[in-house]
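Structural description and commentary
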Amino acid sequence: MALPQPIHAVVTGPDPIAALRKARREEQLVSKRLLREDSPAEEGGQDGADAVPDPLSEDEVKNMTFSVLELLRAVQRGSEDRKGSLSRLRRALQNEETQQKFVRLEGSVRTLTGLFTSSLADMQLEAARCLHELSHSSDPTVAEACLPVTSYLLTYLSGHSVEFTELCLYTLGNLVVESEAVRKRLLPQGIIPVLASCIQSPHEAVLEGVGYVLSQLLQAKESPVEIIPQVLDSALPQHMLRLVCSGLKSGLGAAVEFAWCLHYIICRHKSNTVLLALGAVPALTSLLLDLASEIPQDAPEGLELLVCPVLRCLSNLLAETGCQVRDERLLIALFLLLQCFLQQHPFLGQECLWLLNNLTADDPFLCSALLSLDLLPALLQLLPCSQMATVLVLTMLCNIAEKGPFLCQRLLQQPVLPLLLPILTQPDPEALGQCLELLHLLFLHCPQAAADFTRRGGNQALEQHQSTPELQERAQALLHMVRQPLGAPSPCHTTLPAFS
């Protein structure tokens, strides 16, 4: 009888991380980011002596074209209160319609660019804030109007202050999100080498900004051909891996950003030899062991934000490269992570199960270790958690049962058969198909399991699927197996149609 092939799964889809993305401050993984901290110290110096400019009045908002034009003229005239006018312009640019009107005014972006490149630090910073507000627009025409300033933004990433560098980074990242034209401009301008330099900064705020820009580039549709090869040819991968794996010690925010960057590279690039050569698999394995060990003591807030992409990275590397991790401690770590996060962050349960599946798919050692470490009861408890959990747990049980009679017998020492019977009554065809695969393996390697299944009324559950087109052939083959007298020749040459 043909045995089912172990199932590897590459995790790429966005759905499981929707909850994660909503939880992230300022929706950092999917949306543009806005650095907006209005305080007296920010607006008028460290002593807060200058007052924060008042918000625009309702009348000003209603007559935005006039207001913006007046503000722009005040800035261009170089009046005594030019910085105040620039601050008020920034506040006006917080409005989407105002942004659109502003970029259509002749000389508007050119004026901002001039102030942004001036030698006056306070004017330069305020102009950078105006450009940052523009970059947050969801209108692609606004982003493209900022094209002339991209080369200066890159130049000033080695700026005179952390705040200024951070503003430039997030402005670039926002522009990258919205416009392919901006991305095509930045690549020949050398954004990848510049980011490779910035990633060596000692400042966590800068590192987090680098991660944001890079993650936006890596998610672009043209990334697999035009961006990822450049990134892999740079010094970025080794620094990304270093920052991800030192996240608990140096900075969780930057570690989260670069973990997602690694995920985008791994799932969108055919060959991950560069990351494998850098030791990505052992490094990420060690990180998961460290993360799991943090849980019982004092896990930092937001730890799940790092766990998710790290699980995906390791799972996809195992699926795509065929490499193995023969460390039973990783099994224990994954179950600890499940125990910690499943209730509050159920999407992480699915990620842990994907990795467990890919670990056990081709590895008899880890299949045996999972049973020896008495982790099977905890795995079986996950069967009813969700539709996807049911399928993944069944797939893992198939991975174990496929290894032969000895492991099948150990599986049957737990109440596997009683737990499978309710699944046979479910309407989900994917779970049903995987359940039939598991029953086939158990009956093949342990004929006494078929007799036990019959005593529990399993035949009736199988008979109801004889009229289901996609399941009837497999249901009939299993019924043939269970109706064989115990001790009769095994129907090993009966081929059960493979689940797909």
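Residues numbered from 1 in each chain as written. Predicted model: local features only at pLDDT ≥ 70, side-chain atom pairs only at ≥ 80, totals over all residues. Heavy atoms only, no water.

Below, the discussion takes up the overall build of the chain. Within the chain, the regular secondary structure consists of 31 helices and zero strands. The burial tally for the chain puts 54% of its 500 residues in the buried class. For the chain, the share of sequence-separated contacts (at least 6 apart) that also reach a separation of at least 24 residues comes to 75%. Taken as a whole, the chain presents about 21,100 Å² of accessible surface, with 51% of it coming from carbon and sulfur. (Helix = DSSP H or I, 4+ residues; strand = E, 2+ residues; numbered from the N terminus. Buried < 20%, exposed > 50% of the residue type's maximum accessible area, 1.4 Å probe, protein only. Contact = heavy atoms within 4.5 Å. Areas by Shrake-Rupley, 256 points an atom, 1.4 Å probe, with all protein chains shown as cover.)

So, on to the nonpolar core. In this structure, F258 and L442 are the most contacted members of the largest nonpolar core, which totals 161 residues. If you tally residues by element for this core, the top one is helix α17 (residues 252-268), at 12 residues. Setting aside residues no more than four positions away along its own chain, F258 makes contact with I199, L207, V210, G211, L214, M240, L243 and V244. (Core = buried A, V, L, I, M, F, W, Y, C linked by side-chain atoms within 4.5 Å.)

Another aspect to go through is the packing of helix α14 (residues 204-218) against helix α15 (residues 223-232). Across the interface, α14 lies against α15 with an axial gap of 9 Å and an inter-helix angle of 145°. Residues L214, L217 and L218 of α14 form the contact with α15, whose own contacting residues are S223, I227, I228 and V231. Residues of the contact of α14 with α15, tallied by class, amount to six nonpolar, one polar and no charged. (Axes fitted to C-alpha atoms, helices over the stretch in contact; angles between N-to-C directions. Nonpolar A, V, L, I, M, F, W, Y, C, P; charged D, E, K, R; others polar.)

Here the structure, examined in full by the defined rule, presents 15 salt bridges. We note a salt bridge from K101 to E97, for which the minimum N-O separation is 3.7 Å. Highlighted residues: K101 and E97, both in helix α6 (residues 96-104), separated by four residues, approximately one helical turn. Of the charged contacts in the structure, one is a salt bridge between D452 and R456, with a shortest N-O distance of 3.2 Å. Note on D452: relative accessible area 22%, which makes it partly exposed. Among the charged side chains, a network of salt bridges with common partners joins R90, E126, R129 and E163. (Salt bridge = Lys/Arg side-chain N within 4 Å of Asp/Glu carboxyl O.)

All right, on to the packing of aromatic side chains then. Here the structure, examined in full by the defined rule, presents six aromatic pairs. Seen in terms of ring centroids, F116 and F164 are 5.7 Å apart; in terms of plane orientation they differ by 35°. Their pairing is tilted. A residue pair is termed long-range when its members are at least 10 positions apart, and F116 in helix α7 (residues 108-116) and F164 in helix α11 (residues 162-178) qualify at 48 residues. Considered together, F116 and F164 belong to a single accessibility category, that of buried residues. An aromatic cluster is present here, built from F116, Y156 and F164 joined pairwise through their rings. (Phe/Tyr/Trp six-rings, centres within 6.5 Å; stacked < 30°, edge-to-face > 60°.)

Direction vectors running N to C along helix α25 (residues 387-401) and helix α26 (residues 405-412) enclose 135°, while the axes themselves pass 8 Å from each other. In terms of orientation, α25 lies oblique with respect to α26. On α26, the residues touching L397, I400 and A401 of α25 are L407, C408 and L411. Here the residues of the contact of α25 with α26 are counted per class, giving six nonpolar, no polar and no charged. (Parallel < 35°, antiparallel > 145°, perpendicular 65-115°, else oblique.)

Any region with low pLDDT has predicted coordinates that should not be read closely. Chain-level pLDDT for the chain is 83 on average; 81% of the residues reach the 70-or-more range. Note that residues 39-56 has pLDDT below 50 and, in this model, 30 contacts with residues that lie over four places away or in other chains. Low confidence marks residues 489-500, where pLDDT is under 50. Its contacts with residues over four positions away, or in another chain, come to 28 contacts. (pLDDT = per-residue confidence, 0-100.)

This part is about the environment of L462. Mapped onto the elements of the fold, L462 is located in helix α30 (residues 458-463). For L462, a relative accessible area of 0% gives the class buried. The spacing of L462 and T425 is 37 residues in sequence and 9.1 Å in space, taken between C-alpha atoms. Those residues in contact with L462 that sit more than four places away from it in its chain are L436, F453, A475, L478 and L479.

Time to look at unusual backbone geometry. For D374, which is not glycine, the phi torsion reads 60° and is therefore positive. With respect to the helices and strands, the residue D374 is situated in the loop between α23 (364-372) and α24 (376-381). When its relative accessible area of 52% is taken as the criterion, D374 is described as exposed.

Moving on, we come to the side chain of S223. You can see S223 is positioned in helix α15. Here S223 falls in the buried class, since its relative accessible area comes to 0%. Among the polar contacts made by the side chain of S223, one reaches the main-chain carbonyl oxygen of L218 at a distance of 3.0 Å. Not counting residues within four places of it along the chain, the set of residues in contact with S223 comprises L217, L218, I228, P229 and R268. (Polar contact = N/O pair within 3.5 Å; in protein donor to acceptor, adjacent residues only side chain to side chain.)

Among all positions in α15, only S223, I227, I228, V231 and L232 are buried. All buried residues of α15 project into a common sector of 130° when viewed along the axis, lining one side. (Arc of directions from axis to C-beta.)

Structurally, the position occupied by V142 is in helix α9 (residues 140-145). Since its relative accessible area comes to 0%, V142 is described here as buried. Setting aside chain neighbours within four positions, we find V142 in contact with Q99, Q100, V103, L134 and S137.

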